[in-house]
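Close look at the chain arrangement
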Amino acid sequence: MTLLALAGLAAFALAGVPVFALMGALALYLFHGVGIQSSAVIIEFSRLASLPSLIAVPLFTFAGYLLAESRAPQRLVTLAEASLGWLPGGVAVACLCACALFTAFTGASGVTIIALGGLIFPLLRRQGYPEGFCLGLITTTGSLGLMFPPSLPIILYALVGKISIDTLFAAALVPGLLLLAALSVYAFIVAKRANVKPIPFSWEALRGAARAAAWEIPLPLIVIGGIYGGFFTASEAAAVMAFYVMVAEVLIYKDVPWRKLPEVARESMILVGAILIVLGCALGLTSYMIDQEIPGRIFTFLHEHVHSPWGFLALLNVFLLIVNMVEIFSAIVIVVPIIAPVAALYGIDAVHLGALFLLNLEIGYMTPPLGLNLFLASRRFNKPLPALYLAVFPFWILLVGALMVVTYCPGLSLWLPRLLKLQ
Amino acid sequence: MRDQLRKAEARLAAAEGALLVALLAVMVTLAFTQVILRHFGLGLLWGETVLKHLVLWTGFLGAALAAAAEKHFAWEAAHVGLPERLKPWLRLTANLSGAAITALLLKASWIYFSDDRASGAELVAIGGLIVRSWVASASIPLGFALVMTHMLFKSADAAAEAFGR
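Describing the overall build of chain A
- Secondary structure assignment for chain A yields 21 helices and zero strands.
- A compact globule built from 423 residues would reach a C-alpha radius of gyration of about 22 Å, and chain A, at 22 Å, matches this within 12%.
- For chain A, the spread of C-alpha atoms along the three principal axes comes to 70 × 45 × 45 Å.
- For chain A, the proportion of its 423 residues judged to be buried stands at 58%.
- Considering only intrachain contacts with a sequence separation of at least 6, the fraction spanning at least 24 residues in chain A is 79%.

A few points about the interface of chain B and chain A
- Opposite the 49 residues of chain B that make contact, chain A presents 58 residues.
- Around 4,700 Å² of area is buried between chain B and chain A when both sides are counted, 82% of it from carbon and sulfur atoms.
- Applying the counting rule to chain B against chain A returns two salt bridges.
- The interface formed by chain B and chain A contains six residue pairs in polar contact (both at pLDDT 80 or more).
- Elements with a minimum of two residues in the side of chain B that touches chain A: α1 (2-39), α2 (47-68), α3 (87-119) and α5 (139-162) of chain B.
- It is α3 of chain B that contributes the most residues to the side of chain B that touches chain A, 13 residues altogether.

Focus on the packing of helix α14 (residues 261-291) of chain A against α2 of chain B
- One can describe the packing of α14 of chain A onto α2 of chain B by two numbers: an axis separation of 6 Å at closest approach and a directional angle of 100°. The angle between α14 of chain A and α2 of chain B places the two elements in the roughly perpendicular class. Residues Arg266, Met269, Ile270, Gly273, Ala274, Leu276 and Ile277 of chain A of α14 of chain A form the contact with α2 of chain B, whose participating residues are Val55, Gly59, Phe60, Gly62, Ala63, Leu65 and Ala66 of chain B.

Examining the pattern of salt bridges
- Inspection of every chain in the model, using the stated rule, returns 16 salt bridges over all chains.
- Measuring nitrogen to oxygen at the nearest pair gives 2.7 Å for the salt bridge that ties Asp255 of chain A to Arg75 of chain A. Placement of Asp255 of chain A in the loop between α13 (234-252) and α14 and of Arg75 of chain A in helix α5 (residues 72-84) is noted, with a sequence separation of 180 residues between them. As far as burial versus exposure is concerned, Asp255 of chain A and Arg75 of chain A are alike and both buried.
- Beyond isolated ion pairs, a larger network of salt bridges with shared partners links Arg2, Arg6, Glu70, Arg91, Asp157 and Glu161 of chain B.

Quick word on unusual backbone geometry
Residues and elements named next belong to chain A.
- Looking along the chain, the bond that leaves Pro149 and enters Pro150 is cis, with omega of 0°.
- Along the polypeptide, Pro150 turns up in the loop between α8 (131-141) and α9 (152-161).
- Pro369 follows Pro368 through a cis peptide bond whose omega is 5°.
- Checked against the element boundaries, Pro369 lands in the loop between α18 (350-365) and α19 (372-381).
- Notably, Lys162 is not glycine yet its phi reads approximately 55°, a positive angle.
- Locating Lys162 in the fold gives a position in the loop between α9 and α10 (165-193).

Some points on the pairing of strand β2 (residues 129-132) of chain B
All names here are of chain B.
- Pairing of strand β1 (residues 122-126) with β2, which is carried by four bridges, proceeds in the antiparallel orientation. Directly across from Val124, in β2, lies its bridge partner Val131.
- Hairpin connection from β1 to β2: two residues lie between these consecutive antiparallel strands, with Gly127 at a positive phi of about 65°.

Considerations on the nonpolar core
- Core analysis: the biggest nonpolar cluster contains 198 residues, and Phe20, Tyr129 and Phe312 of chain A together with Phe144 of chain B have the highest contact counts within it.
- Not counting residues up to four positions away in its chain, the partners in contact with Phe144 of chain B are Phe20, Ile42, Phe45 and Ile277 of chain A together with Phe60, Thr102, Leu105, Leu106 and Ser109 of chain B.
- Core analysis: the second largest hydrophobic core is formed by five residues, Leu79, Leu206, Ala209 and Ala213 of chain A among them.

A short note on the environment of Thr233 of chain A
- Structurally, the position occupied by Thr233 of chain A is in the loop between α12 (218-228) and α13.
- Separated by 67 residues in sequence, Thr233 of chain A and Asp166 of chain A have C-alpha atoms that sit 8.0 Å apart.

A closer look at the environment of Leu142 of chain B
Residues and elements named next belong to chain B.
- Turning to its location among the elements, Leu142 is positioned in helix α5.
- Here Leu142 falls in the partly exposed class, since its relative accessible area comes to 41%.
- For the pair Leu142 and Ala118, spaced 24 residues apart in the sequence, the C-alpha separation amounts to 18 Å.

Analysis parameters
Residue positions are counted from 1 within each chain, in the order its sequence is given. All chains are assigned letters beginning with A, and all ligands numbers beginning with 1, in the order in which they are written. Only residues with pLDDT of at least 70 are given local features in this predicted model, and only at 80 or more are side-chain atom pairs given and counted; all residues enter the totals for whole chains, interfaces and linings. Think of the side-chain values as coming from all heavy atoms in the structure, minus any hydrogens and water. A run of DSSP states H or I qualifies as a helix once it reaches four residues; a run of E qualifies as a strand once it reaches two. Both are numbered from the N-terminal end. Each radius of gyration reported is based on C-alpha atoms, and the globular scaling rule is 2.2 Å times the count of residues to the power 0.38. Any residue under 20% of the maximum accessible area for its type is buried, any over 50% is exposed, and the rest in between are partly exposed; the area is computed with a 1.4 Å probe on protein chains only. Whether two residues are in contact is decided by their heavy atoms, any of which lying within 4.5 Å being enough. Accessible area that two parts lose when put together, evaluated with a 1.4 Å probe and summed over both, is termed the buried area. For this analysis, a salt bridge means a side-chain nitrogen from Lys or Arg found within 4 Å of a carboxyl oxygen belonging to Asp or Glu. Definition of a polar contact: a pair of N or O atoms within 3.5 Å, with one able to donate and the other able to accept a hydrogen when the atoms are protein atoms, and with sequence-neighbouring residues admitted only if both atoms are side-chain atoms. Axes here refer to lines fitted to C-alpha atoms; in helices the fit is confined to the stretch in contact. Angles between the N-to-C directions go from 0 to 180 degrees. Orientation labels follow simple angle bins: below 35 degrees gives roughly parallel, above 145 gives roughly antiparallel, 65 to 115 gives roughly perpendicular, and whatever is left gives oblique. Note: two strands are recorded as paired if DSSP finds a minimum of 2 bridges between them. By nonpolar core we mean a set of buried residues, namely Ala, Val, Leu, Ile, Met, Phe, Trp, Tyr and Cys, connected to one another through side-chain atoms within 4.5 Å.

Now the structure itself:
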């Protein structure tokens, strides 16, 4: 009977039934099977309101949508180009940094490729970078900032995985910087091979770019510095950022007119609503699974075949790369409650697991054949998907290499939280 | 007929959108005020609780609009490469099945809401005003009802598309 129900759900999933409905149906069916009233699913739903820092989700998302709607992307690219373009491979590195920062602040919802792609692609091509490299770089960097605070997937993982948001921000930072460094080295090599000339440094250009972005430059300092300087909690930082971005983009830069503000608010809350309803249904399902000791049973089954934590992590990475390629926000809320207790039984640190899960998410975004970034880049640059599969391949290899390093060197993700005494 | 349905749904979505924007404005203002007050050693005692429940209200209104825009997370990647003529049928199946499941969730949330209302539990006191817990939990059945309504509108639209009307 359960197999039949699961097959029915799989058919619904293929038909495109929303994930929240699939999870809600499964939770209702499972609770009914053990004779528990259907309102048990909703009790878990109502517990959403008791999640610490839940308020950070709508506030960071709203601020991110406002930034994406403004001309901040242009100012950011100009500033990055003026400050790093004089280095060998500098323009590509500038683009990497601009994309990482932009993605971190706009919630990693795929908006980077749409907002920055059109600026960066011609810029890199003008410099003489090969087309395949430019496409691969933009497709990859569309999710590069996912590892940097205040990215929405980190907040969501922390909420679902019951880890402090500040700790996970710190844990993801070093692996994120490692990725940035690896991609920068690759950009340097490609620039050398393609004989790309750096842009001559100009104080005037840097001053002009800094002046233009004067109200946006303090943003990372306010948010990240505020959290780690002990001035704000993560949710307070979200409130400050939402307010600050609104003042900067609406009142000072006037990039977003007042009449456009309700539309931006509505669009951002559509994403928040879609996330929260999946999260609520997932909480219902999780409570059933914990009640029935399902993670323990998975552990017992797995442990018969895979004894070491390292073997488990290798298996986990393959599983996550496949799952995360399909849909990242749902992947967090569905997969984390199941794998986190299993990983804990293998003795894997919850914060380390969080960092490598997020890195997997990032790679999943650009993993062929279904990664979201590939579809976005294909639409944005009017290129067929196979061309993008080829273009991202060297980047994918680099990122998977970095994933191996992060997986098997827990110190990389745990060093900063310990240094900051967050763990 | 299809145009009338679309207009009716657009009116509902506009009302939800207006309420959503108003709640978000309250949320941003209240959250920022709390940060400022905290730095002066002050704070609104009820602020935190109200903010958390406002997230639920805005979340459900956002979910309703996501249903209106057919932007709920779904495994649409499975549809890549399918013939165009199949798409209205898949859209109809997705929305109709989604609406049926949401109706079950609505029923479950109505039971929860009724129990909460019967308990008469207090959520928070704002000055002399006592806010009952059911005011917050009302967002759940109302949210599911709105999501279901939009999915039914979309089902009707998809059916008209599938049958070429």
